[in-house]
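Notes for the structure review
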Amino acid sequence: MFQHLDRYAGDPILSLNDEFQKDPRRDKVNLSIGIYFDNEGRIPVLQCVRDAEAAMLAESGPKPYLPIAGAPAMRAAVQQLLFGADHPALKAGRVVTLQTVGSSGGLKVGADFIKRWLPQSGMWMSDPSWDNHRAMFEGAGVAVHTYPYYDAASGGVRFDALCEAIDRLPPRSVLLLHACCHNPTGVDLGRDQWERLVPLLRRRELLPYLDLAYQGYGDGIAEDAFAVRLLADSGLSFFVANSFSKSMSVYGERAGALSVVCADAAEADRVYGQLQATVRRNYSSPAIHAAGIVTRVLGEAKLRAAWEADVAAMRQRIQAMRHSLHATLSAKKPGRDFGYFLTQRGMFSYTGLSAAQVDRLREQYGVYLIRSGRICVAGLNTGNVERTANAMAAVID
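The notes below deal with the structure included here.

Cut-off values and rules
- Residues numbered from 1 in each chain as written.
- Predicted model: local features only at pLDDT ≥ 70, side-chain atom pairs only at ≥ 80, totals over all residues.
- Heavy atoms only, no water.
- Pairing = 2+ DSSP bridges.
- Helix = DSSP H or I, 4+ residues; strand = E, 2+ residues; numbered from the N terminus.
- Axes fitted to C-alpha atoms, helices over the stretch in contact; angles between N-to-C directions.
- Phe/Tyr/Trp six-rings, centres within 6.5 Å; stacked < 30°, edge-to-face > 60°.
- Buried < 20%, exposed > 50% of the residue type's maximum accessible area, 1.4 Å probe, protein only.
- Lys NZ or Arg CZ within 6 Å of the ring centre and 35° of its normal.

We now examine the sheet that holds strand S4 (residues 144-148). Read across the open sheet, the 7 strands follow the order S2-S10-S9-S8-S7-S3-S4; overall the sheet is mixed. Since the sheet does not close on itself, it has two edges, and those belong to strand S2 (95-101) and S4, each with one partner. Across this sheet, the average inter-strand angle for adjacent strands is 25°, counted without regard to direction. Two elements, strand S8 (residues 207-212) and strand S9 (residues 238-243), share 4 bridges in a ladder whose sense is parallel. Among the inter-strand pairings, Asp-211 is bridged to a residue of S9, identified as Ala-241.

Right, dumping it as structure tokens:
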């Protein structure tokens, strides 16, 4: 029955993480997978999450299925987090939100929705982008293309080329954009660039699809929602998938959401209904435990304040590792400019290392990163950053 199946090669990042786990070297360093580790190399358990779960356990009762769209309280909390409590789009009923199985679940639900209701629309993503963006949209039957983004020479964004490419897209094309902390490069659009992009999106009648997986790791929780609020202010219709995996350190809980901003409340009602139909055909309803954590942390003042402090501490630690990496590399290779480590934002950075250099790092020094040269800066700590920098310097020509 199944002899005709092709062998699955495996996800490149998760497969590399498996290889890291099998490596017997005690001084190995894992900079491959997108997980935040603390300075001791552990996945932190935030106290606000502990407190939320303790309260949930104390009130433990029946665990029925959630509604298809998820817990109403969580969905309302997500809307206020993304758009601000008093945003006109919320008051007008133009925003619908679903609790999803991580932001990946939100992306896939949105992709299925687009294939069903905008069947001729293709999706354009940045070059490069997170590999699973392509996989999820192609898996939904949506044709996937790329637009220019990263400039290897300058370490910035090819913004003029990006705009020229977007200006040629067919109407109703889906434009996937990273709201902050671009994965894999760490290179974000500036506020002025976002503002210049909005009239182009409107004129070309495009459908933006924002991925916001790292809110709080860039400039701050509210600051990292700038693009979401700008597009909502502009009156454009768009999607935004967001995640709490990193910001609340609840990876395995699969706590995410998908929001869609529509032209008016009547359109939003139709979109909401068809999104529910899409979920029903997929995983039927999301997880009750994830909803409880997010709702309590966002909704209770004491837990919210503790969470915001935790996210700030994580962001600051990542920034400190960037500075340490930059300082050591600059000292080892004084003729080379490593300033991009300081301007890139969030968990990830493009190192500029070739695939061959990445292989040498892994084989000779036990430093693991994916072959594109992307590193997860959150995998660095005071105990391994200097060794990592020295290893990188050793493989750089």
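All told, the structure shown has 10 aromatic pairs when counted by the stated rule. With a centroid separation of 5.6 Å and an interplanar angle of 85°, the aromatic rings of Tyr-214 and Phe-348 are classed as edge-to-face. Taken together, the residues Tyr-214 in the loop between S8 and helix H9 (226-234) and Phe-348 in strand S11 (residues 348-350) connect sequence positions 134 residues apart. Of the residues examined, Phe-348 reaches a relative accessible area of 2% and is grouped as buried. Ring pairs connect the aromatic residues Phe-113, Phe-137, Tyr-209 and Phe-239, which therefore count as one cluster. Between Lys-28 and the ring centre of Phe-20, over which it is positioned, the NZ or CZ distance is 4.5 Å. The ring of Trp-117 has Arg-116 sitting right over it, with the charged end atom 4.0 Å from the ring centre.

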